[in-house]
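# Residue-level structure breakdown
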Amino acid sequence: MLGWLTDPFASPILQRALVELLILSLACGPLGVWVLLYRNAYAAESISHGMLPGLVVAALAGAPLLLGAVAGVLVAAAGIALVARDQRLGADVGVAVCVSTLFGLGGMLALSPQSPPRLGELLFGDPLGVSGGDLAVAGALAGGVVVALLAGHRSLALVGFDRAAAPSLGARPLRWELALLVVLAVTTVAAVQGLGNLLLVALVLAPAAAALNLARRLAAVLALSVALAALAGAAGLVLSFHLEIAAGASIALCAVVVALLALLVPAGRLTH
Amino acid sequence: MSAGGVSVRGLAGAYVPGRDALRDVSFAAGAGEIVGVLGPNGGGKTTLFRALLGELPIRRGAVELAGRPAYVPQTERARLDFPVSAFDVVLMGAYARTAWFRRVAARDRAAAQAALDRVGLPDSATASFGALSGGQRQRVLIARALLQDAPVLLLDEPLSGVDSVSAARIEALFAELRQEGRTLLVATHDVRQAGEWDRVLCLNGRQVDYGRPAAVLSPETLRETYGGDLIVLEGGGRAIGVGHHGHAH
Amino acid sequence: MLDLSAPYIQRALLEMLLLAVPAGLLGSWIVLRRLAFFAHAVGTASFPGLVLASAWGIAPPLAALATALGFGVAQERLERSGRMGADAATGLLLVGCLAAGVVLASDVFESGAEVDTLLFGSLIGLTAGDVWLTAAVVAGVVALEAGLRRHWLGTGFEPAGARALGLRPVAADRLLLAGIAATAVVALDSVGALLVTVVLVVPAATARLLTSRLAPLQLVAMLLAAVEGVAAVWLADALNVGAGPAMAVLGGGVFAAVAGATALRARAVPA
């Protein structure tokens, strides 16, 4: 039995993939909790599409692609926050308008009716293609996200729990809503090359959804979310190895299953 | 500037430039006074509070406050599915004075428990906020405001839809806070209640009247404040304001 | 200049004009009832249905529709359980559907070409059958709107009170989601999964900046969608780009212009 679990990790490729997933769980777990508490799941799923025009412009201008990608998602984040300010529309409409416009712009700039370059990778990534350099990037990203979310923890809690009273308690809502979108945007750029958008979204949303159903207080939710993300990552790799299916999809499915299973557990916290 | 309280002169403010949400507001309340703020929904009560908190662009006029006010918004604005206990919520009152890299001081933690005791919820510290009743949640939010130790408190309909035990405790608390020299502005739909406090401010997009209840709470003023949404019971001039809350406690 | 005698252009224009109807009718509900994520996800989530259709030889639109409707049902169930927010449910289901699709597709699709068509659509590749299907769905949407409008209006504002008025919120809401699902599926062919919101959300969002009353909102959204759609076909043909991206840029540009103008107009009023 134990062999079944450990066999996959005999190969260095899968070892590195596991390490990368464990590192990224540190970032995706807590980020996902805040994304769900702020009802930003749509932004998490779509913001990567905002990279497209940035990538194309960078490629055309001969600038580093990373710069273009970062610029693209930051523009997307700012646009979403701007539209979300209008109470008649809200954040979801903001995502729809900004991301579709940016994505369409990228599609037009690429000046071809076929898909723009690297789109398949953007969407469906390949965690098994991880290199040592990628691990370093993942480590830096995870560290940055953890620090940022820890530093902003109280303000995020104030705004997320009671937006109306937050200013009187010391936190301006628009600032922190934008800050969360920015952290989400940066995480997306750094992680999407290795994981692909599908897997990234799964690791951000699913473990957090499960943790919110299982734990009662914020600190426990955040910690549990990291643990469940790591679990989904490991389980997904094992299944991918034995069933010979794509690693990214396998991990994503494990994460979703974990979230659905958590629904079966009677409410860890009392609901109204 | 008086030693405590609120002073507003000629205030006008707007969410959208060109369309005033509130205008011609001038009143002053000193330390140890409770002001009932009356008016229909959309008439400016919440707008006034936001102006006092510095969140509404002020187009004209001046606001002077003894210190940053504590704000207790209507209960349903807070999220019931947020993973916090009652104690966690009360402790939020101390966040503004705690640096982000420090733990919240033990003194503030003790004060948070004391605040819960004071609102009559000594054993509810670990209860999930969302699992509490409407009246209990309202009291927790008031406890949070107590922890802020602010000289001015703004309360938005703290008694609407609240069970009688909670209401009694809240009203007793108001008396204590008045004794402590704090200034309370309480938005309410209950005209009878407002009549028992120190002053009444009637708002309907603009200031209709301000002063002692006996002088302000006349049928004419109330009619002007509420428009048609008013039921007046004759005999002693008592009136009941009718507002549509959409609350469900 | 646009060659109006070319059949593919005629079909493209007809498709865009047909889609303008649900863009106005349903798009307004999407904006008012905060269903933008659902509208985006339900189209994208039909991916596994299309994979299976390709493998089993079922007509793709039917498979896509079945998957989309299944998505709607699952979404509604999860939401009603009260244990998960609406957007969390949508996100999870979307990821699950895409992951399932990837697993199924690894044996079915060798290249990413079909995937790309799914994502971006191909207005030029529309068949007459596609347009007929769109027309059928649009007719259905019009019927739903006529029959259920007052239900949707009632439940939008006060679900508890709606039942007291004799309305049936759950059934009516399900049909709204079904209508959105069906429209997303037929829009996939022309604009692609990732740009369904360009048709269903952006024109209505623009109209929302101008009015808050339902009938004018729907009318303005419909007109905007029609004009933007036709212009997109012309632009796509002239610049040799996809119609979806073209409409996205037009729609976004119009939205930004209206947002800027309405904000500026308010400021121009003397203090």
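Please refer to the structure higher up on the page.
A short tour of the structure in this document, coming up. (Residues numbered from 1 in each chain as written. Chains lettered and ligands numbered in written order. Predicted model: local features only at pLDDT ≥ 70, side-chain atom pairs only at ≥ 80, totals over all residues.)

### Quick notes on the packing of helix α4 (residues 134-148) of chain B against helix α5 (residues 164-179) of chain B
Residue and element names in this part refer to chain B. We apply this condition: Helix axes are fitted to C-alpha atoms over the stretch in contact, other axes to C-alpha atoms as well, and angles between N-to-C directions run from 0 to 180 degrees. Each helix is a run of DSSP H or I of at least 4 residues and each strand a run of E of at least 2, with the numbering of both proceeding from the N terminus. An angle below 35 degrees is read as roughly parallel, one above 145 as roughly antiparallel, one from 65 to 115 as roughly perpendicular, and any other as oblique. Whether a crossing is left-handed or right-handed is set by the direction in which the near helix is turned from the far one by less than a right angle, anticlockwise for left-handed and clockwise for right-handed. We call two residues in contact if the C-beta atoms placed from their backbones are at most 7 Å apart. Under this grouping Gly is polar, as are all residues other than the nonpolar Ala, Val, Leu, Ile, Met, Phe, Trp, Tyr, Cys and Pro and the charged Asp, Glu, Lys and Arg.
It is at 9 Å that the axes of α4 and α5 come closest, and there the two elements cross at 20°. Comparing the axis directions of α4 and α5 gives the class roughly parallel. Judged by the twist between their axes, the crossing of α4 over α5 is left-handed. For the pair α4 and α5, the contacting residues are G135, Q136, Q138, R139 and I142 in the first and V165, S166, R169, I170 and L173 in the second. The residue makeup of the contact of α4 with α5, split by class, is 4 nonpolar, 4 polar and 2 charged.

### Section: the interface of chain A and chain C
It is common to give the size of an interface as the accessible area lost on bringing the parts into contact. Each partner contributes residues to the interface: chain A has 45 residues there, and chain C has 48 residues. At the level of secondary structure, the elements contributing two or more residues to the side of chain A that touches chain C comprise α3 (41-46), α6 (90-109), α7 (119-124), α11 (173-214) and α13 (247-264) of chain A. Broken down by element, the side of chain A that touches chain C gets its largest block of residues, 13 residues, from α6(A). Residues belonging to the side of chain A that touches chain C are distributed by class as follows: 30 nonpolar, 11 polar and 4 charged.

### Let's talk about the pairing of strand β6 (residues 152-156) of chain B
Residue and element names in this part refer to chain B. Which entries qualify depends on this criterion: Using C-beta atoms placed from the backbone, we call a residue buried if 20 or more other C-beta atoms fall within 10 Å of its own, exposed if 12 or fewer do, and partly exposed for counts in between. In this scheme, strands are said to pair when DSSP sees at least two bridges between them.
Within β6, 5 of the 5 residues are buried, which leaves it mostly tucked inside the rest of the structure. Residue alternation in β6 divides its side chains into two sets, V152, L154 and D156 and L153 and L155, and both sets are buried. By the bridge criterion, 3 bridges tie strand β5 (residues 70-72) to β6 in an arrangement that is parallel. Residue pairing across strands places A70 opposite L153, the latter belonging to β6. Bridging between β6 and strand β7 (residues 183-187) involves 5 bridges; their strand directions are parallel. Paired with L154 across the bridge in β7 is L185.

### Digging into the sheet that holds strand β4 (residues 58-65) of chain B
Residue and element names in this part refer to chain B. Spatially, the 3 strands line up as an open sheet ordered β2-β1-β4, and their pairing is antiparallel. Every other strand in the sheet has two partners, leaving β2 (22-29) and β4 as the edge strands with one partner each. Averaged over all pairs of adjacent strands, the angle between strand axes in this sheet comes to 5°, irrespective of strand direction. As paired strands, strand β1 (residues 6-13) and β4 are joined by 6 bridges and run antiparallel to one another. Residue pairing for β4: V8 is matched across the bridge by V63.

### Quick look at unusual backbone geometry
Within the chain, E244(A) stands out as a residue other than glycine whose phi angle is a positive 55°. Tracing the chain through its elements places E244(A) in the loop between α12 (218-243) and α13.

### As for α12(A)
To be explicit about the condition: The span one expects for a helix is its residue count, reduced by one, times 1.5 Å.
If you check α12(A), its first and last C-alpha atoms are 36 Å apart, about what 26 residues at 1.5 Å a residue would give, namely 38 Å. Where α12(A) ends, the next residue or the one after it, E244(A), has phi of about 55°, a positive value.

### Structural notes on the environment of P158(B)
All names here are of chain B. Following the sequence through the fold, P158 ends up in the loop between β6 and α5. Accessibility expressed as a C-beta count within 10 Å gives 27 for P158, which makes it buried. A C-alpha to C-alpha distance of 11 Å links P158 and L185, two positions 27 residues apart in sequence. When residues no more than four places from it in sequence are discounted, the contact partners of P158 are V72, Q138, I142, I170 and V186.

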